[in-house]
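A closer look at the structure
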Amino acid sequence: LQEIEWGVNSKTNTTYMNYEFDIDSLYSTILKLDYLQRCNPGTDINLNIASYGGDVYAMLGLIDYIRGLDVKVNTHCVGACMSAGSLILISGTGERTMTKNTTIMVHEGSSFEHGKTSDVLSSSKHLENLRKKMIEMFIQHTNKPKAFWNRVMTKDTYIDSKQAIEYGIVDSIK
């Protein structure tokens, strides 16, 4: 019962990410993944995602952590994988799946920067570098070229399960 309160199930080696992503949820998710890896060494971990997105730096931190684990992480989207959630989904190191009626949303990052012109220009350059990094991640994990992702990510783009298979975002629908 306590595992359920923590959002993990060691019998199925599954954890759940059902929140907007920020620095606190980054560490909460890392703790869950670490717990499951210690409970069942050598067994793939299942990460169920239902997220409207969140902080890009927390997302990148989780992706780096997942890639550093000794086991594969199967990502499964239920309901919605939007923004940062979509990048976590595609970055699974094992099987990537979604339910039939799930919606994925991808877009370029946004900023609420204000202040001195030099600070805004610096932030703009940084945001452009993050956009390029996210597009490279989609290229690496899908079967679509740079021109496709450059076009798709200029606005909020909603992707259904059939399109997600076609684009190579997921491996199967469950």
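Residues numbered from 1 in each chain as written. Predicted model: local features only at pLDDT ≥ 70, side-chain atom pairs only at ≥ 80, totals over all residues. Heavy atoms only, no water.

This next bit is on the pairing of strand β6 (residues 103-106). Regular strands place their side chains on alternate faces of the sheet. Of the strand pairs in this sheet, strand β4 (residues 73-82) and β6 are connected by 3 bridges, and their pairing is parallel. What sits directly across from Cys81, in β6, is Ile104. With 3 bridges connecting them, β6 and strand β7 (residues 157-159) associate as antiparallel partners. Each residue of the ladder has a partner; that of Met105, found in β7, is Tyr158. (Pairing = 2+ DSSP bridges. Helix = DSSP H or I, 4+ residues; strand = E, 2+ residues; numbered from the N terminus.)

Here the phi dihedral of Asn13 falls at roughly 55°; this positive angle occurs in a residue that is not glycine. On the secondary structure map, Asn13 appears in the loop between β1 (8-9) and β2 (14-17). Given a relative accessible area of 2%, Asn13 falls into the buried group. One non-glycine residue, Ser83, lies in the positive phi region at around 55°. (Buried < 20%, exposed > 50% of the residue type's maximum accessible area, 1.4 Å probe, protein only.)

A few words on the nonpolar core. The biggest cluster of nonpolar side chains holds 44 residues, and the ones touching the most others in it are Met59, Leu62, Ile88, Ile104, Trp149 and Ile169. The element best represented in this core is helix α3 (residues 56-68), accounting for 7 residues. Apart from the residues lying within four places of it in its own chain, the contact partners of Ile88 are Met17, Phe21, Leu47, Ile49, Met59, Leu62, Ile63 and Thr75. (Core = buried A, V, L, I, M, F, W, Y, C linked by side-chain atoms within 4.5 Å. Contact = heavy atoms within 4.5 Å.)

What follows covers the packing of aromatic side chains. Any two aromatic rings considered together are summarised by their centre-to-centre distance and by the angle between their planes. Within the structure shown, the criterion is met by 5 aromatic pairs. Summarising the aromatic geometry, the rings of Trp149 and Tyr167 are spaced 6.3 Å apart at their centres and angled 85° between planes, so their arrangement reads as edge-to-face. Here Trp149 is found in helix α6 (residues 146-152), whereas its partner Tyr167 is found in helix α7 (residues 161-167), with 18 residues between them in sequence. Look at Trp149 and you get buried, because its relative accessible area is 0%. One aromatic cluster in this structure is built from Phe138, Phe148, Trp149 and Tyr167. For the cation-ring pair, Lys144 lies above Phe148, with the distance from its terminal atom to the ring centre recorded as 5.2 Å. (Phe/Tyr/Trp six-rings, centres within 6.5 Å; stacked < 30°, edge-to-face > 60°. Lys NZ or Arg CZ within 6 Å of the ring centre and 35° of its normal.)

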